Amino acid sequence: MHPVSMINYFSDNKILFQKGDKDEIIREINIRLAGFGGNVPTDEFTERTENMIKQFQRDYMKVEETGVVDMQVIEAIDKFQEEYPIETYFAQAKCKCSTFTNLKEPTCDGFGLNKTNNGKTGKNYASGIEYPGLHRTLFWVLRSIMFYIDSDERYQHLTVDIVSSGYRCWTDNNYHNRVSTNHMGKALDIHIIKKEKAKSEHTNDERIVCCDLVRDILTEKTNAEYRWFHSNGIALENSYTRYHPKKGRDNKSIASNWVHYDVRVFESKFLENQFFVKTEKDANGKYLKELVKN
Ligand SMILES: [Zn+2]
Ligand SMILES: [Zn+2]
């Protein structure tokens, strides 16, 4: 094909994928736009995928909502990836056990040692698989948080400061006498602050307010829910003022001045090893435009 006609072919409104289709590229789209309404890494173009595309067209692309994937949508997803880099956040999300002193156990490379259930049995140990990396969906949701902070005037004074906790392996857990297993690849904790001043200049209450606003982004824009009563969506830990409308607040577990979100309620087929990655490059994947052309 002549280069010029090739450009025309890829820049027209030809429908590449629509509801009912099944393809590995659709799986990629379901991962990359998960922050727009919420989704799971299926290769099927579902009603949820259609709504997600519509929300992305409406909010990010600012074009007419068609709910189908054409080359414009493909290019916009690649642009979304470039516009909101996650490199620094990914580095911060690695397990920090190798920085501890006086450890009795071997340290990991940032993503656990493939242990299951701490290598032990008994009621004192929660069942916990060390997944081989961090779930890709977490980072694409992080991108959508950055986008909604940028684009909605209710949130424009905010910024994502750091990922304070990403991966926490069994060595890390045992060091801290902790048995929770969400953070073995399925969760991120992020700090949200006001753009105009350093974190140290915030009061604790100010930081809680900033985090509550991002919890609102996640419930409004990603359909995240508090705690783990739902399935196949993003889950949030409670704060003092934000919690499940029916189940209420559990005062024992409050994430106040950080935002905890996770993919714990994904079905097991959406928690397969292929979705857990150890590098920012693998979290991103190849540009969709390349995948489509191949
Ligand atoms: Zn570790
Ligand atoms: Zn957490």
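This structure is a prediction, so every number in the text was calculated from the model and none was measured.

Chemist: Where do I start with the nonpolar core in this structure?
Modeler: Among soluble globular proteins, nonpolar side chains are generally buried collectively. In this structure, Ile29, Ile190 and Tyr261 are the most contacted members of the largest nonpolar core, which totals 77 residues. Broken down by element, the residue count for this core peaks at 10 residues, all from helix α6 (residues 136-151). Excluding its chain neighbours within four sequence positions, the residues that come into contact with Tyr261 are Leu138, Val141, Leu142, Ile145, Lys186, Ala187, Leu188, Ile190, Leu218, Ile234, Ala235 and Leu236.

Chemist: Explain the coordination of the zinc ion (ligand 1) to me, please; I cannot follow it from the model alone.
Modeler: Under ideal tetrahedral coordination, the four donors around a metal are separated by 109.5 degrees; under ideal octahedral coordination, the six donors are separated by 90 or 180 degrees. For the zinc ion (ligand 1), the full set of protein donor atoms is Cys95 (SG), Cys97 (SG), Cys108 (SG) and Cys169 (SG), at a range of 2.3 to 2.4 Å. Given 4 donor atoms and angles of 105 to 115° at the metal, the environment of the zinc ion (ligand 1) is assigned as tetrahedral. On the primary sequence, the residues serving as donors to the zinc ion (ligand 1) are separated as C-x1-C-x10-C-x60-C. Pair check on accessibility: Cys95 and Cys97 agree, each one buried.

Chemist: Before we go on, may I ask you to explain the domain arrangement of the protein chain in this structure?
Modeler: Under the domain assignment, the protein chain is made up of domain 1 (3-84 + 285-293) and domain 2 (87-278). Between the C-alpha centres of domain 1 and domain 2 there is a distance of 27 Å. Taken together, the contacts link 21 residues of domain 1 with 19 residues of domain 2. Both faces combined, the contact of domain 1 with domain 2 buries some 1900 Å², and carbon together with sulfur accounts for 62% of it. Counting the surface domain 1 buries against domain 2, the share from its top three residues, Ile31, Pro41 and Tyr84, is 32%. Linking domain 1 to domain 2 there are 1 salt bridge. Measuring nitrogen to oxygen at the nearest pair gives 2.8 Å for the salt bridge that ties Glu28 to Arg136. The interface formed by domain 1 and domain 2 holds 12 residue pairs in polar contact (both at pLDDT 80 or more) in total. Contributing elements (two or more residues each) for the side of domain 1 that touches domain 2: α2 (24-32), α3 (47-61) and α4 (71-83). A breakdown of the residues in the side of domain 1 that touches domain 2 according to their chemical character gives 8 nonpolar, 8 polar and 5 charged.

Chemist: Looking at this structure, I do not really get α2. What am I missing?
Modeler: Given 3.6 residues per turn, any residue in an α-helix points the same way as the ones three and four places further on. With 8 of 9 residues buried, α2 lies mostly within the body of the structure. For α2, every residue scored as buried is listed here: Ile25, Ile26, Arg27, Glu28, Ile29, Asn30, Ile31 and Arg32. Where α2 is buried, its residues touch α3, α4, α6, α9 (280-284) and α10 (288-293). The backbone nitrogen of Ile25 lies 2.8 Å from a side-chain oxygen of the residue at the head of α2, namely Asp23.

Chemist: Explain the coordination of the zinc ion (ligand 2) here, please?
Modeler: Taken together, His183 (NE2), Asp189 (OD), Asp189 (OD) and His260 (ND1) make up the protein donors of the zinc ion (ligand 2), found 2.1 to 2.7 Å from the metal. For the zinc ion (ligand 2), the 4 donor atoms are set out with angles of 53 to 148° between them, so the coordination reads as irregular. You can call Asp189 buried: its relative accessible area is 5%.

Chemist: How should I be thinking about unusual backbone geometry in this particular structure?
Modeler: Among all residues save glycine, negative phi is the norm, and among peptide bonds the norm is trans. For Asn102, which is not glycine, the phi torsion reads 60° and is therefore positive. By secondary structure assignment, the location of Asn102 is in the loop between α5 (87-92) and β1 (134-135). In this model, Asn177 sits at a positive phi of 50°, which is unusual for a non-glycine residue. Within the element layout of this structure, Asn177 appears in the loop between α7 (170-175) and β3 (187-194).

Rules used in this analysis
Residues numbered from 1 in each chain as written. Chains lettered and ligands numbered in written order. Predicted model: local features only at pLDDT ≥ 70, side-chain atom pairs only at ≥ 80, totals over all residues. Heavy atoms only, no water. Core = buried A, V, L, I, M, F, W, Y, C linked by side-chain atoms within 4.5 Å. Buried < 20%, exposed > 50% of the residue type's maximum accessible area, 1.4 Å probe, protein only. Helix = DSSP H or I, 4+ residues; strand = E, 2+ residues; numbered from the N terminus. Contact = heavy atoms within 4.5 Å. Donors = N, O, S within 2.8 Å, 3.2 Å for Na, K, Ca; no water. Tetrahedral: all angles 85-135°; square planar, octahedral: opposite > 155°, others 65-115°. Domains from an automatic or database assignment. Buried area = accessible area lost by both parts, 1.4 Å probe. Salt bridge = Lys/Arg side-chain N within 4 Å of Asp/Glu carboxyl O. Polar contact = N/O pair within 3.5 Å; in protein donor to acceptor, adjacent residues only side chain to side chain. Nonpolar A, V, L, I, M, F, W, Y, C, P; charged D, E, K, R; others polar.

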